Amino acid sequence: MKVLCILYDDPKGGMPKNYPLSELPKLDKYPDGQALPTPKNIDYTPGELLGCVSGELGLRKFLESNGHELVVTSDKDGENCTADKELVDADVVISQPFWPFYLTKERIANAKNLKMAVTAGIGSDHVDLQAAMDNGIDVVEVTYCNSRSVAEHIVMMILSLVRDYHNQHRIVNEGGWNIADAVQRSYDVEGMHIGTVAAGRIGLDALRKMKPFDVHLHYFDRHRLPDSVEKELNLTFHESVESLVAVCDVVTINCPLHPETENLFDEVLINKMKKGAYIVNTARGKICDREAIAKALESGQLSGYAGDVWFPQPAPNDHIWRTMPHHGMTPHTSGTSLSAQARYAAGVREILECFFEGKPIREEYTIVKDGNLAGTGAHSYSKGSATSGSEEAAKYKKM
Ligand code: NDP
């Protein structure tokens, strides 16, 4: 079979000769008891760069020794891109949310052999899920592989926004020492009201990680958490997102992107937020209205915005979130630390082993199966598509 794998570019200076750490900490399981990925074997060293083109998710030896073809490319946008040409006869396509190959309805129509789309990570909104359902293409992702990586990033971003770290770091880099400049927007997080939109694997972990800062914790979700968890974290549940944003100093967004959540944070909702609140969005860029966020930062309705997710990706060089005031954006990195890469590479290998051997793929990895949302997909997504509009990604010029 032909496996097409779309990965982000190698480091500009070539693959690293060595890494800061010689090994990764050993993890036994995820917090809810779910097992870490369980491939029969791996052909890479955990802790090495696997998510870029030369890293190949550590799959080449495994695939070729089993008689399959592997094509890896980062060329995924614009007319005549390599990914489009290779997709035509591919059986399996693997893409990452960090460098998403937008598997639109049109692309799916051209992919006559396609049986499965694998997300090397979490969040399959780059696949038109409705078109996948309509065309009998299964969609799977490596549920939980980087949820806790993202939660760590959220904590980092909440602290760095509220304490105004970026500004202080810049002053030092520029040779300065004006303390008043450095602290005129800097606060303690202690005592603040922190809320998450969605308390799934990431949202709940972010709440748990923020608890020791002595803050007041809030959440909004379609399903309520168990009573014991609400008590443990002294959590306030909100029946609506409007109710949550009205009282929170910091709002972190942790729901998948699907038709229900696309453009959720528009100008209307942002204006219902507590004045001067902060948003941390590591879920998906399209959940927030691009222009409305920039406008709210200009007006002071928002004091800060951080996250690592954009729409489209890569973000065009002139994307307004690169230059808006008081932002703490990174490229899409939170779920692709070297630690996370080792887990999602193992998860992809596990999925492929099951697929080739005709064994069932874990229920928790399943988003679309046999023409329907299933497994995690049935719980966390809704029907329809939130994939359109990605053409602008072709405007990004490598620097
Ligand atoms: P989970 O499936 O564990 O959690 C998703 C949660 O979102 C569920 O609790 C679900 O609620 C909730 N939800 C879905 N729709 C809505 C809605 N309309 N309103 C409120 N809540 C909603 O996934 P994770 O926590 O692991 O990941 C969440 C998302 O984070 C991913 O889908 C992805 O987009 C993003 N992500 C980003 C990464 C990055 O690198 N920046 C890496 C990994 C993930 P319920 O199930 O109760 O219906």
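Residues numbered from 1 in each chain as written. Predicted model: local features only at pLDDT ≥ 70, side-chain atom pairs only at ≥ 80, totals over all residues. Heavy atoms only, no water.

> What is the right way to look at helix 8 (residues 201-210) in this model?
Given 3.6 residues per helical turn, the α-helix brings residues three or four places apart onto the same face. With seven of ten residues buried, helix 8 is to be regarded as a mostly interior element. On its buried face, helix 8 sits against helix 5 (147-162), strand 6 (193-197), strand 7 (216-220), helix 9 (227-233) and strand 8 (235-237). (Buried < 20%, exposed > 50% of the residue type's maximum accessible area, 1.4 Å probe, protein only. Helix = DSSP H or I, 4+ residues; strand = E, 2+ residues; numbered from the N terminus. Contact = heavy atoms within 4.5 Å.)

> Please explain empty space enclosed by the protein as it appears in this structure.
Rolled over the atoms, a probe as big as a water molecule pinpoints where empty space is left. Here the structure, examined in full by the defined rule, presents four cavities of 30 Å³ or more. Reported here for the largest cavity is a volume of approximately 100 Å³. Lining of the largest cavity is provided by 14 residues; of these, Pro100, Tyr102, Asp125, Arg284 and Trp310 occupy positions nearest its centre. Across the lining of the largest cavity, the residue classes tally to six nonpolar, five polar and three charged. Reported here for the second largest cavity is a volume of approximately 40 Å³. Lining of the second largest cavity is provided by Asp125, Val127, Leu129, Leu257, His258, Pro259, Ser382, Gly384, Ser385, Ala386 and Thr387. For the lining of the second largest cavity, the per-class residue count stands at five nonpolar, five polar and one charged. (1 Å grid on protein atoms, 1.4 Å probe; cavity = no way out; pocket = protein on both sides within 12 Å on 5 of 7 lines; lining within 4 Å. Points joined across faces, edges and corners; volume = space filled by probe spheres on them. Nonpolar A, V, L, I, M, F, W, Y, C, P; charged D, E, K, R; others polar.)

> Please clarify how the site of the ligand should be interpreted in this entry.
Near the ligand lie 32 residues; those nearest to it are Ile202, Asp221, His223, His379 and Ser380. Note that an oxygen atom of the ligand is positioned 2.5 Å from one of the side-chain N or O atoms of His223. One nitrogen or oxygen atom from the side chain of Ser380 is found 2.8 Å from an oxygen atom belonging to the ligand. About the coverage of the ligand: the protein hides 96% of its 920 Å² of free accessible area. (Near = heavy atom within 4 Å. Polar contact = N/O pair within 3.5 Å; in protein donor to acceptor, adjacent residues only side chain to side chain. Areas by Shrake-Rupley, 256 points an atom, 1.4 Å probe, with all protein chains shown as cover.)

> Looking at this model, I keep getting lost on the sheet that holds strand 11 (residues 302-307). Mind explaining?
Backbone hydrogen bonds are what pair the strands of a sheet, in a parallel or an antiparallel way. Here six strands make up an open sheet; going across it, the order is 8-7-6-9-10-11 and the pairing parallel. The two strands at the open ends of the sheet, each matched to only one other strand, are strand 8 and strand 11. Taking each pair of neighbouring strands and ignoring which way they run, the sheet shows an average axis angle of 20°. By the bridge criterion, five bridges tie strand 6 to strand 7 in an arrangement that is parallel. (Pairing = 2+ DSSP bridges. Axes fitted to C-alpha atoms, helices over the stretch in contact; angles between N-to-C directions.)

> In this structure, what is going on with a nonpolar patch on the surface? I would like to understand it.
The grouping of Trp177, Ile179 and Val183 at the surface amounts to a nonpolar patch, some 380 Å² of accessible area in total. By the secondary structure assignment, Ile179 is in helix 7 (residues 179-183). (Patch = residues over 30% accessible without salt bridge, like charges linked within 9 Å, V, L, I, M, F, W, Y side chains within 5 Å. Salt bridge = Lys/Arg side-chain N within 4 Å of Asp/Glu carboxyl O.)

From the geometry alone we can't say anything about function, so treat these as descriptive.
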